[in-house]
Amino acid sequence: MQPSAEVNQRIARISAHLHPSNHQMEESSILRRASCRAKGGAPGFKVAILGAAGGIGQPLAVLMKMNPLVSVLHLYDVVNSPGVTADVSHMDTGAVVRGFLGQQQLEGALTGMDIVIIPAGIPRKPGMTRDDLFKINAGIVRTLCEGIAKCCPNALVNLISNPVNSTVPIAAEVFKKAGTYDPKRLLGVTMLDVVRANTFVAEVLGLDPREVDVPVVGGHSGVTILPLLSQVKPPCSFTPEETEYLTNRIQNGGTEVVEAKAGTGSATLSMAYAAAKFADACLRGLRGDAGVVECSFVASQVTELPFFASKVRLGRTGAEEIYQLGPLNEYERVGLEKAKKELAGSIHKGVSFIRA
Ligand SMILES: NC(=O)C1=CN([C@@H]2O[C@H](COP(=O)(O)OP(=O)(O)OC[C@H]3O[C@@H](n4cnc5c(N)ncnc54)[C@H](O)[C@@H]3O)[C@@H](O)[C@H]2O)C=CC1
Ligand SMILES: O=C([O-])CC(=O)C(=O)O
């Protein structure tokens with residue numbers, strides 16, 4: 001017996017879905033959406049990941065697909081996004097997943113998004129500083145932010161690509177140029193420093209890391225990463241040796257992973273966890289939850305520098321309140337001066353990249 005026209009159509013649809021060529025990908029996801037009942041109607045937020053096929057992007061896509069606050073998840077990359085999308089889309093969680101490949105699909109990836117998370121760009125190899133990534137990643141961030149300014153100017157941007165101390169100022173300048181800049185909506189992701197600090201401090205204190213809260217301020221590179229160990233919760237004290245050990249370990253956590261990975265990349269799994277934790281905080285803020293506070297590298301008046309990482313309260317419009325640093329001890333005051341000196345140069349480098 002010959003299959004009916006309807007069955008043939010259904011088979012063709014399934015086949016396009018399972019084997020999407022790069023060009024077919026968007027078309028097949030449109031067919032898929034048209035053929036599914038009641039999908040995409042769930043309440044929730046729309047999230048895009050740019051660089052979704054990378055070391056951070058892939059596990060982050062899994063974690064965001066698991067987040068019940070996400071109703072639509074767009075996965076964009078310049079390579080391999082069809083495979084990652086097909087894979088993640090099979091998870092039986094609520095979010096509808098759509099894939100986008102290459103610059104010509106950037107608009108589709110961004111239109112209508114509430115949050116855009118950016119882990120696009122090259123990672124470090126042993127012997128490199130984060131600033132060594134500037135040459136390549138600055139241009140990538142500029143292009144992606146031009147897309148955001150055009151397609152979703154009101155989205156919250158979670159910027160992960162290094163060097164964060166320069167890429168956040170780059171993004172700000174792109175948005176200013178486009179006339180869409182809202183400092184509350186541009187958030188440099190420094191959450192991994194907090195995640196590491198909580199873990200290392202908990203180890204020293206013999207506590208569960210989930211009970212520990214360490215504010216980490218400044219920026220996201222070397223001495224600009226400044227853990228405020230005098231403000232750890234639950235309240236505790238450290239010997240000078242413990243303070244020195246913890247500060248160094250937190251500041252060099254990224255390098256520890258880069259060296260252990262021996263040329264194959266930098267932190268991806270812990271970073272995906274940290275990025276998902278931060279994005280979840282942003283989503284809860286957007287939903288209107290009270291008291292959502294995390295550290296982030298943002299436009300700031302906490303110091304004389306135009307950008308600085310500190311605790312921020314996340315709300316319906318982004319970083320709605322930026323907290324002062326609070327009382328610092330002598331060790332932290334010296335650290336703050338070192339951090340500001342290096343940060344000033346990195347911020348200037350980012351700003352000049354767009355203004356020059
Ligand atoms: N903020 C933080 O705490 C951390 C930041 N990072 C940074 O995150 C970035 C990504 O790291 P990994 O995922 O390990 O690198 P990766 O190389 O594994 O992945 C990067 C992805 O970006 C994609 N990509 C490149 N150009 C693109 C473009 N124009 N548009 C969209 N996608 C593009 C690549 O195709 C690749 O799939 C690096 O710059 C790294 O230094 C890494 C760890 C922590
Ligand atoms: O160290 C790197 O290059 C990646 C990174 O930012 C981190 O792990 O904190």
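Since we're looking at a predicted model, the values are computed, not measured.

Reading the values: rules and limits
Residues numbered from 1 in each chain as written. Chains lettered and ligands numbered in written order. Predicted model: local features only at pLDDT ≥ 70, side-chain atom pairs only at ≥ 80, totals over all residues. Heavy atoms only, no water. Helix = DSSP H or I, 4+ residues; strand = E, 2+ residues; numbered from the N terminus. Areas by Shrake-Rupley, 256 points an atom, 1.4 Å probe, with all protein chains shown as cover. Near = heavy atom within 4 Å. Polar contact = N/O pair within 3.5 Å; in protein donor to acceptor, adjacent residues only side chain to side chain. 1 Å grid on protein atoms, 1.4 Å probe; cavity = no way out; pocket = protein on both sides within 12 Å on 5 of 7 lines; lining within 4 Å. Sits in = over half its atoms within 2 Å of the grid points. Buried < 20%, exposed > 50% of the residue type's maximum accessible area, 1.4 Å probe, protein only. Lys, Arg positive; Asp, Glu negative; His and termini not counted. Salt bridge = Lys/Arg side-chain N within 4 Å of Asp/Glu carboxyl O. Contact = heavy atoms within 4.5 Å. Core = buried A, V, L, I, M, F, W, Y, C linked by side-chain atoms within 4.5 Å.

A. Structural view of the overall build of the protein chain. A tally of regular secondary structure across the protein chain gives 12 helices and 11 strands. Surface exposure of the protein chain reaches about 16,200 Å², of which carbon and sulfur atoms provide 55%.

B. Spotlight on the site of ligand 2. Residues in contact with ligand 2, as listed here, are R124, R130, N162, L192, R196, H220, G254, S266 and A267. Separating an oxygen atom of ligand 2 from a side-chain N or O atom of N162 is a distance of 2.8 Å. Contacts to ligand 2 include R196, whose side-chain N or O atom sits 2.7 Å from an oxygen atom. Burial of ligand 2 by the protein chains amounts to 96% of its free accessible area of 260 Å². A molecule is said to occupy a pocket when more than half its atoms come within 2 Å of that pocket's grid points, and by this definition ligand 2 occupies the largest pocket.

C. Highlighting the side chain of D77. For D77, the position within the fold is in strand β2 (residues 70-77). For the buried D77, no salt bridge exists, and the shortest N-O distance to an oppositely charged side chain is 15 Å, to K261. Within the structure, D77 has its side chain in polar contact with the backbone nitrogen of A52 (distance 3.3 Å). Setting aside chain neighbours within four positions, we find D77 in contact with G51, A52, A53, G54, F100, L101 and G102.

D. Structural context of the nonpolar core. Core analysis: the largest hydrophobic core is formed by 48 residues, its most contacted members being L50, V116, I118 and F175. Take this core: its biggest share by element is 8 residues, from helix α6 (residues 134-151). In contact with I118, not counting residues within four places along its chain, are L50, L144, C145, I148, V157, N158, L159, I160 and S161. Ranked by size, the runner-up nonpolar core spans 43 residues in total, among them L69, V88, F278 and V312.

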